[in-house]
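# Fold and contact review
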Amino acid sequence: MAVTTTILLSNNTISNPKVLAIGPITTPPFAVILKNRSTDRTMWYVVHNTTQNTLADAVAVSPLGTAYIRSENFGSPGDALSLRMYHGGAGRITVTTRIYYAPSQAQSGGGSMALPPSNITTAGLSSSFGPEWGGEILTITGSGFIANPVQSVRFGNTPAAFTVLNDSTIRVTTPAGTQNSTVSVEVIPSAGPTGVLPNAYTYSGWTVLTPKATSRLIYVSSSTGNNANSGFSPGVPKRTINGASGAFALLRANQPDWLMLRAGDIFRSPIGGFENIFGGPSPDAPMVITSYGVGARPILRPSPSSNALFLHNFNQQITRNVAVVDLDFDWTNTARAPGNAIQLTTPFSNILIEGCRISNFATGISISAPAASSAGLKIRRNVITECCGGPGIDGHGIYLRATYDDALIEENVLDHNGWSTLFTGSGYRQTNRRHNSYFQITQRVIARGNIVSRASNTGLGLRSGGIAADNFVTNNSAGILFGASDGTNYTAGGVTGSVYRNVIFDGKNVGGDNPNDQGWGIISQNVLSGEIRDNLIVHNRSGSFPIGMVLSSKVDGASIPSVGLRAISIYNNLMYNWGQDVDIEGPGGIRADITFRDNVISEPTANAGGTTRELINIDANGIFNPIDFKSANNRYNRGYGNSSWFVAGATSYTVTAWSSALSDTTSVGTVPTFSSPTVSPVAYLRTVGIAVPSPNEFINRAKQNTKASWNQNYTAWAINKFMRAGFDRI
C-alpha cells in the first residue's frame, strides 16, 4: 500500500501533526518506508500506538532521504498504529509513505521489496584495553549481525579485520592505534544506523610528556656537575639534588618544572620537599622528575633506612600533578637497611610513576594517603623486583592502603617481591605476609596487562575489589586475590569488580620462614557482586595444595562480618591440569547467588599438580543446592576414576549425580580437545627465536624492557595470546 500526502507545513507542528493510520501490527510484521520528497526540508515522523497510547522516538528524514520503521518495534500484534508527520516550517511538502507487508511482498510496479532488517545492537566488547600495536582478538556482542549483514568494524577511524560468528557475536582483531588514546568501536551494517560502543577501547603506550613554554628545565649530574653551576642546561648541571644550592631548590611551586638526572649517574641522597612546591599546575602540565642524556637510567641509592623519593607533603597539603619517569631505584648494597623506593603518605592528585626500575627496597611503591582525599594514581610499565622488607618488616612490590579513586596498575613487571635472592637469613625469606602487590581499602583499582610472578605469597592482591584483566600471572602462591575478609583489613559491605582474560600458569608453595603448601589461582572473598570470566588457569606444577578457584565466605576474625559471596558470576573459564579446580568454603548462610556456567574443567592425568583431588569441592559448612550454586553448560573431565569427581561435605558425586543435585540439565562429562594444550612460557620463547630457553627466561627478558628498548614479545599481551591460542581461546 502506498500513500502520497501533501502536507501544509504551517499547520503541521508537534502539537498539530498530520496523522495517517497505518493499520494494526501483523504477524509477520510490516515495514513502513518513509520518503521525503522535499529538497530542502527535514521531515519528522512519530509512531503512535493508539491501543496502548504510547509514542515512539521521532525519526528524522533529511531532504530527499528515505528511512524505514518496523511494526514489531512499537507494540504487540493487533495494536493499532498511526503515523504522525510534522514539520515546523511554512509552505507545502509532499511525502510518500509505502507499507510493505510480509518479509517479501511483490509490488504493482514490478519486482519485489524485501522487508528491511531490524537495526543492529551493540552490547559489549570482551576487553576495554590493549596494546598500541594491535593484534588482540576480541569479541563484540549484540544482535542482528547476520540479519542485517555487517559491512565493516572500526576502532575510531581505523578499519578492523572481523568475522561474524553468529547473529550475536563478531570476532574482531584490533588494529594498531595511537598510544594512550581511547576510541569508540563502530559496527556498520548494510542498512540502518551504525552500532556504536562509545569510548569502548583504550590503547596502551608510553605517556607523552613535553615541557611547557613556562617549564624550567633543571639538570643534575653526580659525576660532572657543580653546585656553583646554574643547572639550566646539560652543560652546566648541578651536582647534588638536595641542599640550598642543589637542583631541587630550583623547582618552583605550582609550576610545570622538570628535574632531570643524568643517565648513568648514581645519586645517594633522597628526593623530597614537596611541602614547599606541591607539584605542577594541572594534569596536562605536571612537574616531572626524569632522566636526561644517553645510557642507563640514573640510579637512586640513598643511605640506609631512607626512602629514595618522598612524594608526600609534611604540611598535609595535596601533592598534585607529578610524573616520575625513567629512573632506577636500586638498593643493591650489602649493608641491608633500606627504606621504600617511593613513598607517599599524604593527600595527592594525579601522580604518574612510569618506566622505572625498582629493586631491593623494603617496599617498591608505598602509598597510604588519608581517607577520601586523593585520586588519579597511575603506576605504568615499571619493573619492580625483590622488594622484601627485612627482619620484622613486611615488604611488598606495591602497597596501596588508603581511600582514593582511580588507581591504575598497568603493564608492570612485578617479580619475586616479598623475598630476596640477594640477602639470606630470617626476614628475607618467603612468608605468607609479603606480596607482589597489596591493595587495601582503595575505592577502585584497575590492574591490567601486568606480568606478575614468583611472589612470596600473593601476586595481585585486589583486597578491595576492582578490575584484574589481561594479566600474565605465574608461579605465585596465590595468583589473584579478589576481595578479602581477614582481620579488619577488608572492605565493609563487600567488594565489586571483575577478574577477566587473565592467564594463570603454575603456582608454588610459600616456603622460607612461614612454609605453607599452596598453589592457588583466583581467590574470592567478601564479594557483594562481581564476575570471573574468560580466564585460563593451567598447568600447576609447583604448588602442593593446588586449587584453581577458591570461593570463600569465611570470616577470619573480622570485626565487621563478611558479606560472603552474594552475586558472583563465573563463566567461560578454562581450568586444565591444575589439581583441584574449585573449592567452595565457609558458612553457606552468608553465601548466595553463585552462577557457574560455560566453564571447562579438565584434569587429564591423576598426578596433575602432584595431587588426585576432586574437580569441585564444597566443604562441610557449605550449603549445596541449586539456589546457592546455579550451574549450567559446563564441561568436566577427569582422567582417572569416576566416583569422586565432585564432593559436597562428606558425599562424593559423579557428573550425573552432581548435575542432578543442582538441577543442571546442560552440563556434561566429556573429554575436551585443544590445539596445543602443552603451551608454556618455554614453548612460547621457542616461537620467538630462543632455541634453548631456561624456565625463568621469559620473566628475565620482560624485566629488560625499557622505554628506550621495548620488545613487545616480552609482554603480557604476547604470552597471553600464545597461551590462549593453545587452548583455542581468544
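Predicted model only: the values in this text are computed from it and were never measured.

## Digging into the overall build of the chain
A tally of helices and strands in the chain yields five helices and 62 strands. With 730 residues in all, the chain has 56% of them scored as buried. Taking contacts inside the chain between residues at least 6 apart in sequence as the whole, the part at least 24 apart equals 74%. Accessible surface, the chain as shown: approximately 27,300 Å² in total, 51% of it carbon and sulfur.

## Focus on the pairing of strand E45 (residues 478-482)
Burial runs high along E45: five of the five residues are buried. Where strand E42 (residues 458-462) meets E45, four bridges bridge the pair, whose relative direction is parallel. Looking across to E45, one finds that threonine 458 is bridged to alanine 478. Where E45 meets strand E48 (residues 520-525), four bridges bridge the pair, whose relative direction is parallel. Within E48, the position partnered with alanine 478 by the bridge is tryptophan 520.

## A short note on the sheet that holds strand E13 (residues 129-130)
Spatially, eight strands are ordered E12-E14-E17-E16-E15-E18-E19-E13 in an open sheet, and the strand pairing comes out mixed. Where the open sheet ends on each side, the last strands, each with one partner, are strand E12 (121-125) and E13. In this sheet, strand E17 (residues 169-173) lies alongside strand E16 (residues 158-166) in antiparallel orientation, the contact comprising five bridges. For phenylalanine 162, the partnering residue across the bridge sits in E17 and is valine 172.

## Overview of the pattern of salt bridges
Counting across every chain of the model gives 24 salt bridges. Measuring nitrogen to oxygen at the nearest pair gives 2.6 Å for the salt bridge that ties aspartate 257 to arginine 252. Residue aspartate 257 is classed as buried on the basis of its relative accessible area of 0%. The exposure class assigned to arginine 252 is partly exposed, which follows from its relative accessible area of 28%. In this structure, the salt-bridge partner of aspartate 415 is lysine 703, at a minimum N-O distance of 2.9 Å. Note that aspartate 415 is positioned in strand E38 (residues 413-415) and lysine 703 in the loop between helix H4 (697-702) and helix H5 (716-726), a separation of 288 residues in sequence. Here aspartate 415 matches lysine 703 in class, with each residue buried. Three or more residues are tied together by salt bridges with common partners; here these are Glu132, Glu354, Arg380, Arg381, Glu410, Glu411 and Arg448.

## What about the packing of aromatic side chains?
The description of two aromatic rings rests on the distance between their centres and on the angle between their planes. Using the criterion set out here, one finds 20 aromatic pairs in the structure. Their ring planes at 50 degrees and their centres at 5.3 Å tell us that phenylalanine 129 and tryptophan 717 sit as a pair that is tilted. Separated by 588 residues along the polypeptide, phenylalanine 129 in strand E13 and tryptophan 717 in helix H5 bring together distant segments of the chain. The interplanar angle of 70 degrees and the centroid separation of 5.1 Å between the aromatic rings of phenylalanine 674 and phenylalanine 727 together place this pair among those described as edge-to-face. With a gap of 53 residues between them, phenylalanine 674 in the loop between strand E62 (668-669) and helix H3 (681-687) and phenylalanine 727 in the segment after H5 connect regions that are remote in the sequence.

## Focus: the state of the cysteines
The bond known as a disulfide is covalent and runs between the sulfur atoms of two cysteines. For the coordinates displayed, the defined rule picks out zero disulfides. Not engaged in a disulfide, the cysteine cysteine 387 finds its nearest cysteine sulfur in cysteine 388; these two sulfurs lie 7.7 Å apart.

## Details of unusual backbone geometry
With phi around 45 degrees, asparagine 199 is a residue other than glycine that occupies positive phi space. Relative to the assigned elements, asparagine 199 resides in strand E19 (residues 195-203). Located in the positive-phi region is glutamate 411, a residue other than glycine, with phi close to 55 degrees. Relative to the assigned elements, glutamate 411 resides in the loop between strand E37 (404-410) and E38.

## So, the side chain of histidine 539
Inspection of the secondary structure assignment puts histidine 539 in the loop between strand E50 (536-538) and strand E51 (547-552). Not counting chain neighbours up to four residues away, the residues in contact with histidine 539 comprise Phe505, Asp506, Tyr576, Asn577, Trp578, Pro677, Thr678, Val679 and Phe727.

## Comments concerning the pairing of strand E36 (residues 398-401)
Inspection of the sheet shows strand E31 (residues 365-367) paired to E36 by three bridges, in the parallel sense. Residue pairing for E36: isoleucine 367 is matched across the bridge by leucine 400. Bridging between E36 and strand E39 (residues 437-440) involves four bridges; their strand directions are parallel. Along E39, the bridge assignment pairs arginine 401 with glutamine 440.

## Describing empty space enclosed by the protein
Using the criterion set out here, one finds one cavity of 30 Å³ or more in the structure. Taken as a whole, the largest cavity encloses approximately 90 Å³ of empty space. Around the largest cavity sit 15 residues that line it, and Glu411, Asn412, Val413, Trp710 and Tyr714 are the ones nearest its centre. In terms of residue class, the lining of the largest cavity is made up of eight nonpolar, five polar and two charged.

## Structural notes on the confidence of the model for the chain
When the pLDDT values of the chain are averaged, the result is 85; 85% of them are 70 or greater. Counted against residues more than four places away or in other chains, residues 88-93, with its pLDDT under 50, gives 23 contacts. A low-confidence stretch, residues 99-116 (pLDDT under 50), is modelled with 39 contacts involving residues beyond four sequence positions or located in other chains.

Reading guide: rules and limits
Every chain is numbered on its own, with residues counted from 1 as its sequence reads. Note on the predicted model: pLDDT of at least 70 is required for a residue's local features to be given, and 80 or more for side-chain atom pairs to be given and counted; whole-chain, interface and lining totals, by contrast, use all residues. In computing side-chain properties, one takes all heavy atoms of the structure into account and sets aside hydrogens as well as water. Each helix is a run of DSSP H or I of at least 4 residues and each strand a run of E of at least 2, with the numbering of both proceeding from the N terminus. Residue exposure (1.4 Å probe, protein chains only): buried if accessible area is under 20% of the type maximum, exposed if over 50%, otherwise partly exposed. Should any heavy atoms of two residues lie within 4.5 Å, those residues are considered in contact. Only the protein chains shown count as cover for residues, and all accessible areas are computed by the Shrake-Rupley method using a 1.4 Å probe. Only strands joined by at least two bridges in the DSSP assignment are considered to pair. Any carboxyl oxygen of Asp or Glu that lies within 4 Å of a side-chain nitrogen of Lys or Arg is treated as forming a salt bridge with it. Whether two aromatic rings pair depends on their centres lying within 6.5 Å, for rings of Phe, Tyr and Trp, where Trp uses its six-membered ring; planes under 30 degrees apart make the pair stacked, over 60 edge-to-face, and the rest tilted. Any two cysteine sulfur atoms lying within 2.5 Å of each other are counted as a disulfide. Within this scheme a cavity is a closed region of a 1 Å grid, computed over the protein atoms alone, that accommodates a 1.4 Å probe without allowing it to escape, whereas a pocket is open but has protein on both sides within 12 Å along at least five of seven lines; lining residues each have an atom within 4 Å of a point. Grid points are joined across faces, edges and corners, and a volume is the space filled by probe spheres set on the points. Only Asp, Glu, Lys and Arg are considered charged, only Ala, Val, Leu, Ile, Met, Phe, Trp, Tyr, Cys and Pro nonpolar, and every remaining residue, Gly among them, polar. The quantity called pLDDT is the predictor's confidence in a given residue, expressed from 0 to 100.

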